[in-house]
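Breakdown of the fold
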Amino acid sequence: DLIIDPFHRGALRSRETLARQSGDDRLPVATKPQILTRMLTNLKRVYVKMQSFPQARSVADLLIAVDPSAISELRDRGLLAYHLKDFSSALRDLQAYLKLIPSGEQDEDERHDRERIWEHVKTLRKRVASLN
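First, a word on scope: everything that follows refers to the structure included in this document. (Residues numbered from 1 in each chain as written. Predicted model: local features only at pLDDT ≥ 70, side-chain atom pairs only at ≥ 80, totals over all residues. Heavy atoms only, no water.)

As for the nonpolar core
Counted only if it meets this: Here the nonpolar core consists of buried residues drawn from Ala, Val, Leu, Ile, Met, Phe, Trp, Tyr and Cys, with membership extended through side-chain atoms lying within 4.5 Å. Each residue gets one of three labels from its accessible area relative to the maximum for its type: buried under 20%, exposed over 50%, partly exposed in between, using a 1.4 Å probe on protein chains only. Helix and strand assignments come from DSSP, with helices taken as H or I runs of at least 4 residues and strands as E runs of at least 2, each series counted from the N terminus. Any two residues having at least one pair of non-hydrogen atoms within 4.5 Å are treated as being in contact.
Counting residues in hydrophobic clusters, the biggest one holds 15 residues, and the most contacted among them are Leu91, Leu94, Tyr97, Leu98, Ile117, Val121 and Leu124. Counting residues per element, the ones that place at least two in this core are α4 (71-83), α5 (87-100) and α6 (108-131). Element by element, the count of residues in this core is highest for α5, at 6 residues. Contact partners of leucine 94, with chain neighbours within four places excluded, come to Arg75, Gly78, Leu79, Ile117, His120, Val121 and Leu124.

Considerations on the environment of serine 14
How we decide: N or O atoms closer than or at 3.5 Å make up a polar contact, with two conditions inside protein: a donor-capable atom paired with an acceptor-capable one, and, for residues adjacent in sequence, both atoms drawn from side chains.
Within the element layout of this structure, serine 14 appears in strand β2 (residues 11-14). Along the primary structure serine 14 and isoleucine 117 are separated by 103 residues, whereas in three dimensions their C-alpha atoms are 46 Å apart. Side-chain polar atoms of serine 14 contact the side chain of threonine 17, separated by 2.8 Å.

So, to be careful, I would describe these as geometric facts and stop short of saying anything about function.
Here it is, written out as structure tokens:
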């Protein structure tokens, strides 16, 4: 197997060379979905930074297709839809996110996130109702 070494400008390395350099015989192996998720997450981050929200939303769609259990991507896709004024899609995704996140013990950041998303949902419900 040849491995692309991102820490050395994409140099091709053998598993043996990397094991020798790291001092560990058991190098972690990433699955194809894990590699794809990592690449798509990086791409989404670039699109958001560039404020290319339609493209970021398309990448979020792909991330959900790769891993339907990635509820944080459901939240992100809902927030991107909100940014794009696609209020019904935003409401659908954010409500689904709130139903799926664990309601047990949460740290302060998780509670703040839940409250922030709940406020968006309340606003979206009013907007969607006013459009009908």
